[in-house]
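Coordinate inspection notes
Listed below are the residues making up each chain.
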Amino acid sequence: MRRRGCLLFLCLLTGCALVAPPLPPPTKSSREVGGVHHTVKRGENLWRIGRAYGVGVEQIAVLNGIDNPDRIEVGVRLFIPGARSVRLVRKNVSSSPPKQRPRWAAPPRRKAPTSSVRKTSRKPKSAARTHRVNNKRTPYRRAYGKRPRFSWPLRGRLIRRFKGSGSRKADGILIAARERDQVRAAAPGRVIYSDFGPGNLGRLIILRHHGGEYHSIYAHVARNLVRKGQNVSRGTPIALAGRTPRFRTARLHFEIRHRTRPRNPLSYLP
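Described in the following lines is the structure provided in the data block. (Residues numbered from 1 in each chain as written. Predicted model: local features only at pLDDT ≥ 70, side-chain atom pairs only at ≥ 80, totals over all residues. Heavy atoms only, no water.)

The next thing to look at is unusual backbone geometry. Look at histidine 210: it is not a glycine, yet its phi comes out positive at around 55 degrees. Structurally, histidine 210 is set in the loop between β9 (203-209) and β10 (214-221). On the basis of relative accessible area, histidine 210 is assigned to the partly exposed category, the value being 24%. Backbone geometry at threonine 260 places phi at a positive 70 degrees, although glycine is not the residue there. Note on placement: threonine 260 falls in the loop between β14 (251-258) and β15 (261-263). Judged by its relative accessible area of 0%, threonine 260 falls in the buried class. (Helix = DSSP H or I, 4+ residues; strand = E, 2+ residues; numbered from the N terminus. Buried < 20%, exposed > 50% of the residue type's maximum accessible area, 1.4 Å probe, protein only.)

As structure tokens, this is what we get:
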């Protein structure tokens, strides 16, 4: 103890800077199980699967990029967050969606044929641009409003860009970071997931924005600073960057999803 005190005194005397040690890469323990993979069988849908595992359907949809929870192809492997074992999905259990359709599960807008556009070109623009919500035709802007304003989760060099298709598909961008850099919320929202993610994404966080119409995902982080159910503002620190088992240097995987579908984050960032 006396020796440590002498060393500390010498460091302060010579002007040495005390640097915090780097964060160790996260490792999964028996108490930190991110989830399991469930293979979809005939007669199953996302509502039945979520009910069988006791997991929110929104979490499953966002993590797996499912835009239509009513229809899932047989044989698809879904990552079920928080589950510890594969469960049997009963087909005789009610699987009807909620009466009020969540925004992430709203059907995408379809472009009208050219012929119909010409015939209805004299109608007001507000009447032509409508969207079906709860089986009612409602102006799209009134139903969902403007999209949220996103900001960069951290400042760093862009390592990888978004690629929506192809052999090297990338659902988000990869940003270089430094050890212990603070990862900040890109927009105000609510934490719906904070744990290990599917595949080799490591620790990740999912924020819900705009009532569920948009989501942002932050992966490859070394430490989560927020928990599920917590509300955050834009710029709130939600994680710490650090080394992960997959990479030797710190970096952040960042996604923006519109109704569970990955979109190019660079189209939303300033």
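The buried count for strand β2 (residues 77-81) comes to 4 of 5 residues, which makes it a mostly enclosed element. In this sheet, β2 lies alongside strand β1 (residues 35-39) in antiparallel orientation, the contact comprising 5 bridges. Among the inter-strand pairings, histidine 38 is bridged to a residue of β2, identified as leucine 78. (Pairing = 2+ DSSP bridges.)

Now for the side chain of serine 216. In this fold, serine 216 is placed in strand β10. A polar side-chain atom of serine 216 sits 2.7 Å from a polar atom in the side chain of histidine 209. Beyond its immediate sequence surroundings of up to four residues, serine 216 is in contact with Phe150, Ile205, Ile206, Leu207, His209, Phe254 and Glu255. (Polar contact = N/O pair within 3.5 Å; in protein donor to acceptor, adjacent residues only side chain to side chain. Contact = heavy atoms within 4.5 Å.)

What follows deals with the packing of aromatic side chains. Counting across every chain of the model gives 5 aromatic pairs. For the ring pair phenylalanine 150 and tyrosine 214, a centre distance of 6.2 Å and an interplane angle of 65 degrees mean the geometry is edge-to-face. Of the two residues, phenylalanine 150 sits in the loop between α6 (140-144) and β5 (158-160) while tyrosine 214 sits in strand β10, which places them 64 residues apart along the sequence. Across the pair, exposure class does not vary: phenylalanine 150 and tyrosine 214 are buried alike. Residues tyrosine 218 and phenylalanine 254 carry aromatic rings whose centres are separated by 5.3 Å and whose planes lie at 45 degrees to one another, so their mutual orientation is tilted. Taken together, the residues tyrosine 218 in strand β10 and phenylalanine 254 in strand β14 connect sequence positions 36 residues apart. (Phe/Tyr/Trp six-rings, centres within 6.5 Å; stacked < 30°, edge-to-face > 60°.)

Limitation: the analysis is restricted to geometry and does not speak to function.
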